[in-house]
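Reading the structure
One letter stands for each residue in the lines below.
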Amino acid sequence: MAVDRDKALGIYISVPFCRSKCTYCNFASGVYPASEHARYVDRIIADLASAGQRARQSGVVLPRTVDSIYLGGGTPSLLAPELIARLFAAIGEGFDVDPRAEITVECAPGQLADGTLAALAAAGVNRVSLGVQSFIDREAHSSGRLHSRAIVADDLRRLRAAGITNLNVDLIAGLAGQTLASWQESLQVLTESAVPHASIYMLEVDEDSRLGREMLAGGARYHAELVPSDETIARMYESAIEVMAAAGLIQYEISNFSRPGFQSLHNLRYWQRRPYLGLGLDASSMLRAATEDRDAEDLGYVLRSSNTDDLTAYLAGEDHPETAWLSPVSQHEEAWFLGLRLNAGVQVAELECEFGARDVGAALHVVRELEKDELLTFANGLVRLTPRGRLLSNEVFQQFLGIAPDGELTTLKQC
Ligand code: SF4
């Protein structure tokens, strides 16, 4: 029998179209003609229709009830109203969408036409995430963004007027040209906008982005020389936590802050290891094995699959998702580094129930070492990152790889 958290599904749909490419971006997204949008939506609809059959063939459970939907990108708000309507109609045909489901769409400021906004509201979209990144116009522009502060304010007004009040604003600490003072200004504008959710990321420049290549090879086109130091970015992040707390936006994850009751339910499912179906370019799925027989060799495994990031192959149907069964050992590792992302932390008793006291005991040796380094706290059966641990989270998570004694399989239990 499946545990409660496995009974409902989250659907993620990647929409890889952007009006321009941001300098720091390494996502599988790009600028494509609108004619490709319809072909892409056709393919997603076909994948939605065949999802059940593919799940059966793979031996995994695909819950029919959906409690969260997330259209990410890319810039899903670039889709024409009729494509939005077709996409949501197809989801409704294939699944039972819970009337209380959280339905989020990512929008780029200034790239949400009236017709598309109306289509989103009509489709039941109740949450919008705006990729603002900076409220300082010159910083936004030098990063390749096309909006201004005034445009963001107007979008927020239009979204609220359309009845979509569960709003998120993304900011990035570390953009080229950003200073501690300009960062404070962006934070202030964010809090004045009274959105109930904020996602605040520290810039991690990837060598596959244009900015990253310029940082490695030199040049001035993307203002690589104006990217703040790691130390300054860390100070920006720390000040963001203070400003958000003062504004009533409580940090619940390394990069996420919300008013009570406004946490992102869809994103929580990734950290809580609840099942999700990812559709579209570069999207991933995580679904549990269908077997009821947990004594079998494949006991408790989950299937992780990842779609191609090649749009041409995807549209031509010449793609082959990469799939891998995650053993209980891998799930135990993930339980630590995903769970620790949350400020609520990891309940040791829950992990012992799921993975057994022996393996969790091995992980607790790692916890004790990280506690000495003031990266984790361990009290009352709860393990949490310290503020320093949040800054160095990648280093902390690495310590949880290979924690199972002798690499043996653990027996999963139903708790
Ligand atoms: S809008 Fe998002 S996905 Fe598109 S280029 Fe910018 S960062 Fe990348």
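Source: prediction; values computed, not measured.

It is worth spelling out the domain arrangement of the protein at this point. Per the domain assignment, the segments making up the protein are domain 1 (4-269) and domain 2 (329-415). Counting residues at the interface gives 12 residues for domain 1 and 10 residues for domain 2. Counting the surface lost from both domain 1 and domain 2, the interface buries some 880 Å², and carbon and sulfur atoms represent 55% of this. Interface area lost by domain 1 to domain 2 is led by Gln251, Glu253 and Ile254, which between them contribute 48%. The interface formed by domain 1 and domain 2 includes one salt bridge. A salt bridge links Arg341 to Glu253, with the nearest nitrogen and oxygen atoms 2.5 Å apart. Residue composition of the side of domain 1 that touches domain 2, grouped by class: six nonpolar, two polar and four charged.

Another point: the packing of helix 6 (residues 180-192) against helix 8 (residues 230-246). Packing of helix 6 against helix 8 leaves a shortest axis separation of 10 Å and a crossing angle of 30 degrees. With respect to helix 8, the element helix 6 is oriented roughly parallel. Here helix 6 runs over helix 8; the crossing is right-handed. Taken together, the residues of helix 8 that come into contact with helix 6 (itself represented by Leu180, Trp183, Gln184, Leu187, Leu190 and Thr191) are Thr232, Arg235, Met236, Tyr237, Ser239, Ala240, Val243 and Met244. Of the residues contributing to the contact of helix 6 with helix 8, the split by class is nine nonpolar, four polar and one charged.

Cis rather than trans, the peptide bond between Gly73 and Gly74 has omega equal to 5 degrees. Of note in this structure, Gln133 is not a glycine but carries a positive phi near 70 degrees. Residue placement: Gln133 occurs in strand 4 (residues 127-133). Positive phi, normally seen in glycine, also occurs at Arg273, with a value near 60 degrees. With respect to the helices and strands, the residue Arg273 is situated in the loop between helix 9 (265-271) and strand 9 (276-279). By relative accessible area, which is 7% here, Arg273 ends up buried.

Attention shifts here to the sheet that holds strand 15 (residues 382-385). With antiparallel pairing, the three strands of this open sheet are ordered in space as 13-15-14. What marks the edges here is a single partner per strand, and that holds for strand 13 (346-347) and strand 14 (376-379). Here helix 13 (residues 357-372) sits on the sheet and contacts strand 14 and strand 15; the angle it forms with strand 14, its principal contact strand, is near 120 degrees.

Turning our eyes to something else, we now look at the site of the ligand. In the vicinity of the ligand, the contacting residues are Cys18, Ser20, Lys21, Cys22, Tyr24, Cys25, Phe27, Ser29, Gly73, Gly74, Thr75 and Arg145. In terms of residue class, the shell around the ligand is made up of five nonpolar, five polar and two charged.

Moving on to the nonpolar core. Judged by nonpolar contacts, the single largest core of 67 residues is most densely connected at Ile11, Ile13, Phe88, Phe95, Leu171 and Leu190. Element by element, the count of residues in this core is highest for helix 1 (residues 34-58), at seven residues. The residues touching Phe88, leaving out its near neighbours within four places in the chain, are Ile69, Leu71, Ile103, Val105, Ala123 and Val125. Judged by nonpolar contacts, the second largest core, of 24 residues, contains Val360, Val367, Phe378 and Leu385.

Using the criterion set out here, one finds 18 salt bridges in the structure. Linking Arg274 and Asp67 is a salt bridge whose minimum nitrogen-to-oxygen distance equals 2.7 Å. Here Asp67 lies in strand 2 (residues 65-73) and Arg274 lies in the loop between helix 9 and strand 9, a separation of 207 residues in the sequence. Here Arg274 and Asp67 have matching classes, each one buried. What you see here is one network of salt bridges that share partners, running through Arg43, Asp47 and Asp319.

Moving on, we come to the pairing of strand 7 (residues 250-253). In the sheet, strand 7 pairs with strand 8 (residues 256-258) via three bridges, with the strands oriented antiparallel. Bridge pairing in strand 8 links Ile250 to Ser258.

Right, let's talk about the environment of Asn380 for a bit. Of note, Asn380 is situated in the loop between strand 14 and strand 15. On the basis of relative accessible area, Asn380 is assigned to the exposed category, the value being 80%. Along the chain, Asn380 and Leu203 lie 177 residues apart, while their C-alpha atoms are 34 Å from each other.

Position of Thr308 among the secondary structure elements: in the loop between strand 11 (302-306) and helix 10 (311-315). Using a relative accessible area of 18% as the deciding quantity, one classes Thr308 as buried. Of note is the side chain of Thr308, whose polar atom sits 3.0 Å from the backbone nitrogen of Asp310. Setting aside anything within four residues of it in sequence, one finds Thr308 in contact with Leu281, Asp282, Tyr314 and Asp319.

Turning our eyes to something else, we now look at the pairing of strand 9. By the alternation rule, side chains of strand 9 split into Tyr276 and Gly278 and Leu277 and Leu279, which are all buried. Strand direction decides the pairing type here: strand 1 (residues 9-15) and strand 9, joined by four bridges, are parallel. Looking at strand 9, one finds that Ile11 is bridged to Leu277.

Side chains of Asp282, Asp309, Asp310 and Glu318 sit close together on the surface and give a patch of like negative charge. Along the chain, Asp309 turns up in the loop between strand 11 and helix 10. Look at Asp309 and you get exposed, because its relative accessible area is 52%.

Conventions and cut-offs
- Residues numbered from 1 in each chain as written.
- Predicted model: local features only at pLDDT ≥ 70, side-chain atom pairs only at ≥ 80, totals over all residues.
- Heavy atoms only, no water.
- Domains from an automatic or database assignment.
- Contact = heavy atoms within 4.5 Å.
- Buried area = accessible area lost by both parts, 1.4 Å probe.
- Salt bridge = Lys/Arg side-chain N within 4 Å of Asp/Glu carboxyl O.
- Nonpolar A, V, L, I, M, F, W, Y, C, P; charged D, E, K, R; others polar.
- Axes fitted to C-alpha atoms, helices over the stretch in contact; angles between N-to-C directions.
- Helix = DSSP H or I, 4+ residues; strand = E, 2+ residues; numbered from the N terminus.
- Parallel < 35°, antiparallel > 145°, perpendicular 65-115°, else oblique.
- Left-handed = near helix turned anticlockwise from the far one by under 90°.
- Buried < 20%, exposed > 50% of the residue type's maximum accessible area, 1.4 Å probe, protein only.
- Pairing = 2+ DSSP bridges.
- Near = heavy atom within 4 Å.
- Core = buried A, V, L, I, M, F, W, Y, C linked by side-chain atoms within 4.5 Å.
- Polar contact = N/O pair within 3.5 Å; in protein donor to acceptor, adjacent residues only side chain to side chain.
- Patch = residues over 30% accessible without salt bridge, like charges linked within 9 Å, V, L, I, M, F, W, Y side chains within 5 Å.
- Areas by Shrake-Rupley, 256 points an atom, 1.4 Å probe, with all protein chains shown as cover.
- Lys, Arg positive; Asp, Glu negative; His and termini not counted.
- Charge placed at Lys NZ, Arg CZ, Asp CG, Glu CD.

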